[in-house]
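Coordinates in review
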Amino acid sequence: MAGSVSPAAAAGGGASPRIIPVWDPLVRLIHWSLALVILLNGFVSDPEGKLHETLGYVALALVLTRLCWGLIGARPARLISFPPAPARALRHLGALRSGDRTVHLSHNPLGALMVWNIWATVLLIVTTGIMMGSPRFFGVSWVEDMHEILFNWLLLSVILHIAGVVFDSLRSGVPLVRAMIDGRKRIPADRPIE
Ligand code: HEM
Ligand code: HEM
């Protein structure tokens with residue numbers, strides 16, 4: 001990663017940001033595809049129709065592919081770079097309160113909790129969706145209720161996720177949405193990097 005720092009910054013070029021590639025094309029493709037599929041299944045597709053089921057399987061494939069990529073992909077995309085660790089998230093909260101402006105190349109510890117929550121919720125939504133169509137659980141109301149409750153939880157999570165992205169972009173001075181589009185974090189010269 002160090003080799004990817006922009007030449008200006010490497011040369012000590014004043015206030016120019018360090019430009020560091022973090023999200024490879026597969027991570028970005030999966031991110032925006034998953035967002036689209038979830039929105040389509042939540043608000044556009046007919047829940048009783050074939051398209052809803054197919055999009056649900058696409059969501060499953062996207063999450064599973066991402067998890068596999070997290071074992072072999074580049075460092076910021078590795079699952080081990082952003083473990084779901086509540087204690088770390090609490091420490092991060094404390095650091096935020098004391099004005100810490102450290103930039104994380106991967107997800108910050110709070111963001112990491114949210115990412116794992118989103119993936120787990122999608123997997124549970126797909127599981128309850130498949131259960132609804134199986135002979136054993138067909139028409140069972142708690143399974144239908146769970147599918148709906150989990151979707152509402154996912155929506156709430158996504159709203160908090162977007163709020164977190166906006167907050168952390170302002171805190172760190174790194175345009176995070178742009179990084180999820182072109183893959184590169186532009187990190188102000190004076191920010192420590194973790
Ligand atoms: C249904 C909608 C969405 C879902 C399910 C979702 C889910 C996720 C997930 C799972 C990640 C982790 C990516 C990875 O490591 O592979 C992520 C990261 C990210 N998402 Fe979303 N997302 C959604 C919408 C959005 C939107 C609308 C934006 C832009 C405003 C956004 C901006 C980002 C950014 C910037 C990151 C990287 C955060 C960081 O630098 O740590 N997401 N999102
Ligand atoms: C990301 C994946 C998915 C999302 C976001 C999603 C979302 C939803 C939503 C919002 C509803 C309407 C709930 C209500 O108001 O009653 C619904 C209903 C339903 N979903 Fe999914 N779903 C997903 C995956 C699946 C899968 C994979 C299947 C089947 C293989 C499935 C089967 C169903 C069925 C059968 C209903 C109708 C339940 C009923 O009203 O009787 N879903 N889904």
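Before reading on, note that the structure itself is shown above.
Described in the following lines is the structure provided in the data block. Keep in mind that this is a model prediction, so the values were computed, not measured. (Residues numbered from 1 in each chain as written. Chains lettered and ligands numbered in written order. Predicted model: local features only at pLDDT ≥ 70, side-chain atom pairs only at ≥ 80, totals over all residues.)

1. Considering the site of ligand 2
Near ligand 2 there are 21 residues, and of these Asn41, Pro47, Gly56, Ala59 and Gly129 occur at the shortest range. Elements that contribute at least two residues to the shell around ligand 2 include exactly helix 2 (25-43), helix 3 (50-72), helix 5 (109-132) and helix 6 (141-172). The class makeup of the residues in the shell around ligand 2 is ten nonpolar, seven polar and four charged. (Near = placed C-beta within 6 Å. Helix = DSSP H or I, 4+ residues; strand = E, 2+ residues; numbered from the N terminus. Nonpolar A, V, L, I, M, F, W, Y, C, P; charged D, E, K, R; others polar.)

2. What about the site of ligand 1?
For ligand 1, the set of nearby residues contains 21 residues, the closest of which are Ala35, His107, Val115, Leu176 and Met180. Counting residues per element, the shell around ligand 1 draws most heavily on helix 2, which supplies seven residues. Each residue belonging to the shell around ligand 1 can be placed in one class, and the counts come to 16 nonpolar, four polar and one charged.

3. Here's the deal with the pairing of strand 1 (residues 18-21)
Covered by surrounding structure in strand 1 are Arg18 and Ile20 only, the residues Ile19 and Pro21 on the alternate face being uncovered. Of the strand pairs in this sheet, strand 1 and strand 2 (residues 184-187) are connected by four bridges, and their pairing is antiparallel. In the sheet register, Pro21 faces strand 2, and the bridge partner there is Arg184. (Buried ≥ 20, exposed ≤ 12 C-beta atoms within 10 Å, placed from the backbone. Pairing = 2+ DSSP bridges.)

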